[in-house]
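Secondary and tertiary structure notes
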Amino acid sequence: LQFADAPNITLNTITSTANNGLPILLNSCSNAFRITKNRIDNSSGYSTSVWLQSTSGTAANRGLIANNFIGGNSLNNTGLRISNSSYIDIYHNSINAKGNRAFYQDGGGSNLRIRNNIFACTDMISGTSQWVWAIYISTPGAIAECDNNHLYTLTYCLQSLGLWGAAYPRYFWNWKSTSGMDANSSSFVLPAFTSSSDLHIDNTILALMEDWKNKL
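Residues numbered from 1 in each chain as written. Predicted model: local features only at pLDDT ≥ 70, side-chain atom pairs only at ≥ 80, totals over all residues. Heavy atoms only, no water.

**A closer look at the environment of Y136**
Convention followed: Numbering of helices and strands starts at the N terminus; helices are DSSP runs of H or I of at least 4 residues and strands are runs of E of at least 2. Three labels apply to residues, based on accessible area from a 1.4 Å probe with only protein chains included: buried if under 20% of the type maximum, exposed if over 50%, partly exposed otherwise in between. Note on contacts: a residue pair qualifies if any of its non-hydrogen atoms lie within 4.5 Å across the two residues.
As for its position among the elements, Y136 is in strand β15 (residues 133-137). By relative accessible area, Y136 is classed as buried at 11%. Sequence separation of Y136 and Y104 is 32 residues, and the distance between their C-alpha atoms is 4.7 Å. In contact with Y136, other than residues within four places in its own chain, are R101, F103, Y104, Q105, L163 and Y168.

Here's what the structure looks like:
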């Protein structure tokens, strides 16, 4: 979708199996766009499930990405990528990426608010030293808020949890001190998703997430 004014993408179920697939792509869209309540099962390799390129809201008409399930069963996928985009609220999404980045911001931008999401990388390519990240921020100045999230990588003890500018914070406490964000967020606990595409999680796991958060 390109050059659209305030597009509304909602209540879709999208399955993608082709390599280099792009289930949802917005390029140069503007104003109060909405990407909400979608369920994406992206099993194509080397792909991005939701990608915004030069797509921005305004201070008065912010864009919204909320209440989406973004999952799949293929490695080398990115869940949600925001490139050179501004004035967007990213709320209440569950993202399960395998072997790459759950959330990826790059190329500039400003005034991004990121709250109440699960960003998880729950697999990697066996026998490799591949890096995986729950959250990857190339432009720290683009982030206005980031809190109340759950950040997880399967290779937590071996790889970096995320990128913040030029820094690769390895552990959750490193991430919080380096970024100055996610004071009320959690990590450590593997989100027990129902399946790779059904990203509902068990209430017991939610309680463990909250317990870990209160101990940090």
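Following the structure, the description resumes.
**Thoughts on the sheet that holds strand β2 (residues 13-16)**
Basically, it comes down to this: DSSP-based pairing: two strands are paired if at least 2 bridges between them are found. All axes here are fitted lines through C-alpha atoms, helices being fitted over the stretch that makes contact, and every angle between N-to-C directions spans 0 to 180 degrees.
Spatial ordering of the open sheet is given by β2-β5-β8-β11-β14-β17, a layout of 6 strands whose pairing is parallel. The open sheet terminates on both sides in strands that have one partner only, identified here as β2 and β17 (150-153). Pairs of neighbouring strands in the sheet enclose a mean axial angle of 5°, with direction left out of account. As defined by bridge partners, strand β11 (residues 94-97) adjoins strand β14 (residues 118-121) across 4 bridges and the pair is classed as parallel. If you follow A97 over to β14, its bridge partner there is C121.

**Some details on the sheet that holds strand β10 (residues 88-91)**
Pairing within the open sheet is parallel, and its 6 strands lie in the order β1-β4-β7-β10-β13-β16. Each edge of the open sheet carries a strand with a single partner, namely β1 (8-10) and β16 (143-147). Pairs of neighbouring strands in the sheet enclose a mean axial angle of 5°, with direction left out of account. In this structure, strand β13 (residues 112-115) lies alongside β16, joined through 4 bridges in parallel fashion. Residue pairing in the sheet places R115 in a bridge with D147 of β16.

**So, the side chain of S187**
Just so we agree on the cut-off: Two N or O atoms form a polar contact when they lie within 3.5 Å of each other; inside protein one atom must be a possible hydrogen donor and the other a possible acceptor, and for residues adjacent in sequence the pair counts only when both atoms belong to side chains.
Within the secondary structure, S187 sits in the loop between α1 (172-179) and α2 (203-215). Classification of S187 by relative accessible area gives buried; the value is 0%. From its side chain, S187 meets the backbone oxygen of L151 in a polar contact 2.6 Å long.

**Let's talk about the nonpolar core**
Rules: The set of buried Ala, Val, Leu, Ile, Met, Phe, Trp, Tyr and Cys residues whose side-chain atoms join them within 4.5 Å is what this entry labels a nonpolar core.
Within the largest apolar cluster, 37 residues are counted, with the highest numbers of intra-cluster contacts made by L52, I65, L80, I82, F103 and F119. If you tally residues by element for this core, the top one is β15, at 3 residues. With residues near it in sequence (within four places) discarded, L52 still touches L26, F33, I35, I65, R81, I82, S83, S85 and I88. Counting residues in hydrophobic clusters, the runner-up holds 7 residues, among them A120, Y152, F193 and I201.

**So, the packing of aromatic side chains**
The cut-off we apply is this: Each aromatic pair joins two rings of Phe, Tyr and Trp (for Trp, the six-membered one) with centres within 6.5 Å, and gets the label stacked for planes under 30 degrees apart, edge-to-face for over 60, and tilted for any other angle. Lysine and arginine charges are scored as sitting over a ring when NZ or CZ, respectively, is within 6 Å of the ring centre and within 35 degrees of the ring normal.
Summed over the entire model, instances satisfying the criterion amount to 5 aromatic pairs. Their ring planes at 10° and their centres at 5.1 Å tell us that F103 and F119 sit as a pair that is stacked. Taken together, the positions of F103 in strand β12 (residues 101-106) and F119 in strand β14 put the pair 16 residues apart, joining distant regions of the chain. Comparing F103 with F119, the two get one shared label, buried. Arranged with centres 5.0 Å apart and planes meeting at 85°, the rings of Y104 and Y136 form a pair that is edge-to-face. Separated by 32 residues along the polypeptide, Y104 in strand β12 and Y136 in strand β15 bring together distant segments of the chain. The two residues Y104 and Y136 agree in class, both being buried. Positioned over the ring face of Y136 is R101, at 4.2 Å from the centre of the ring.

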